[in-house]
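As a plain string of letters, each chain reads:
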Amino acid sequence: MTVNSRPARPVMLGQNQYGKAENRVVKITRDGATHHIKDLNVSVALSGDMEEVHYSGSNANVLPTDTTKNTVYAFAKEHGIESAEQFGIHLARHFVTSQEPIRTARIRIEEYAWERIEASDANSRFIGADEVKHSFVRKGQETRLTQITYDGERWEVVSGLKDLVVMNSTNSEFWGYVKDKYTTLKEAYDRILATEVSGRWRFNWTDDEQRMPNWEKSYEQVRTHMLQAFAETYSLSLQQTLYQMGARIINNRSEIDEVRFSLPNKHHFLVDLEPFGLKNDNEVYFAADRPYGLIEATVLREGCEAKIPVDLTNL
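Nothing here was measured: the structure is a model prediction, and the numbers come from that model. (Residues numbered from 1 in each chain as written. Predicted model: local features only at pLDDT ≥ 70, side-chain atom pairs only at ≥ 80, totals over all residues. Heavy atoms only, no water.)

Among the 15 residues that make up strand β2 (residues 34-48), 12 are buried, leaving the element largely enclosed by the rest of the structure. As paired elements, strand β1 (residues 23-31) and β2 share 9 bridges and run antiparallel to each other. Among the inter-strand pairings, Val25 is bridged to a residue of β2, identified as Leu40. Hairpin connection between β1 and β2: a loop of 2 residues separates the two successive antiparallel strands, and Gly32 in this loop has a positive phi of roughly 65 degrees. Summarising the sheet, β2 and strand β3 (residues 102-112) pair through 10 bridges and their orientation is antiparallel. Among the inter-strand pairings, Ser47 is bridged to a residue of β3, identified as Thr104. (Buried < 20%, exposed > 50% of the residue type's maximum accessible area, 1.4 Å probe, protein only. Helix = DSSP H or I, 4+ residues; strand = E, 2+ residues; numbered from the N terminus. Pairing = 2+ DSSP bridges.)

Ordered by their spatial adjacency, 8 strands build an open sheet running β1-β2-β3-β6-β7-β8-β9-β12, and the pairing between neighbours is antiparallel. If you trace the sheet from one side to the other, it starts and ends with β1 and β12 (293-300), each paired once. Between one strand axis and the next, the sheet turns by 20 degrees as a mean value, whatever way the strands run. In terms of strand pairing, strand β7 (residues 155-168) meets strand β8 (residues 193-203) through 9 bridges, oriented antiparallel. Residue pairing in the sheet places Leu164 in a bridge with Val197 of β8. Contacts from helix α5 (residues 215-232) reach β2, β6 (143-150), β7, β8 and β9 (256-265), with the element oriented near 35 degrees to β7. Lying on the sheet, helix α6 (residues 238-252) is in contact with β8, β9 and β12; it crosses β9 at an angle near 155 degrees. (Axes fitted to C-alpha atoms, helices over the stretch in contact; angles between N-to-C directions. Contact = heavy atoms within 4.5 Å.)

Here we take up the packing of aromatic side chains. Under the defined criterion, the tally for this structure stands at 7 aromatic pairs. Ring centres 3.8 Å apart and planes at 15 degrees place the aromatic pair Tyr150 and Trp155 in the stacked group. The pair formed by Tyr150 and Trp155 is uniform in burial state, with each residue classed as buried. Put simply, the rings of Tyr150, Trp155, Phe203, Trp205 and Trp215 touch in pairs and so form one group of aromatic residues. If you follow Arg93 out to its NZ or CZ, it ends over the ring of Tyr150, 6.0 Å from the centre. Residue placement shows Lys179 over the ring face of Tyr177; its charged tip is 4.5 Å from the ring centre. (Phe/Tyr/Trp six-rings, centres within 6.5 Å; stacked < 30°, edge-to-face > 60°. Lys NZ or Arg CZ within 6 Å of the ring centre and 35° of its normal.)

Here we come to the layout of surface pockets. The calculated volume of the largest pocket comes to roughly 830 Å³. Looking at the lining of the largest pocket residue by residue, the class counts come to 13 nonpolar, 8 polar and 7 charged. (1 Å grid on protein atoms, 1.4 Å probe; cavity = no way out; pocket = protein on both sides within 12 Å on 5 of 7 lines; lining within 4 Å. Points joined across faces, edges and corners; volume = space filled by probe spheres on them. Nonpolar A, V, L, I, M, F, W, Y, C, P; charged D, E, K, R; others polar.)

Before going further, it helps to examine the pattern of salt bridges. Scanning the model with the defined rule gives 18 salt bridges in all. Between Lys38 and Glu111 there is a salt bridge, with the nearest N and O atoms lying 3.0 Å from each other. Here the residue Lys38 occupies a position in strand β2, and Glu111 occupies one in strand β3, the gap between them amounting to 73 residues. On the basis of relative accessibility, which here comes to 13%, the residue Lys38 falls in the buried class. Arg253 serves as the salt-bridge partner of Glu255, at 3.0 Å between the closest nitrogen and oxygen. Neither Glu255 nor Arg253 differs from the other in exposure class; each is buried. In this structure, a network of salt bridges that share partners links the residues Lys38, Glu85, Glu111, Arg144 and Glu216. (Salt bridge = Lys/Arg side-chain N within 4 Å of Asp/Glu carboxyl O.)

A separate point is the side chain of Ser43. When you line up the elements, Ser43 lands in strand β2. Aside from chain neighbours lying at most four places away, what touches Ser43 is Lys20, Ala21, Glu22, Arg106, Ile107 and Arg108.

Structure, rendered in structure tokens:
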């Protein structure tokens, strides 16, 4: 039976990629009695000369997705996991340089943080240990993210976080807005401002000739500047707070050219306590989870081009 390598009809293959998604890898580094944890969820996407596998089913240029999974685990041992970004760079470089048909590798990583459990002196002595250095509790504050894309010449590193819930219990107002016949919202001169931060920032490190950023320090500093801006901005709108968060990062971290935030406004409404003969002096609130205002924007270094997708779900 003859198999046609090309469809008879005038149909063309568009963008395509393949790989192994959500490879969970946990790396334990044992420094004597002190242990360190890196807990990652790694997704690999490869693209290049892959037309024939779609047209005829030929796997001649296909590196099995099972192999990409095995590579993730082997690299955790061979290279360690210094940071999510560095681990992704090792993987992307390997896939592009070791397999001729592969032209571009995209590595997406979620990192789940753990912190050491502080044991009491009494309990430490009870179990026969001078100090507990191997017990951890999963941090619930945020999930760290990074995406590394490499085409054999240029790098693009976009890092970020999601699920970071923050709140200011005062120093926030919302008034002077447009009103029409459907407007029922009352102006607020002292309100709760709360949001669940989803943010991405793009590094200006793009080739191996440049000095590579300190990925771990950069993440911690970006997070610090972002939170400080949220806390220190007297907010007249969530948009204003978003801009200050992005501007603080751009102004203080020279390795970053672009920041994009998606901030749902986690509304808190004052509860009417008058039916019970009680005055609610900005003390008791109803926390509404939906519907919610969604504020999104990109903050750029002057002269730079926006490259982070407008819809962060596409990143």
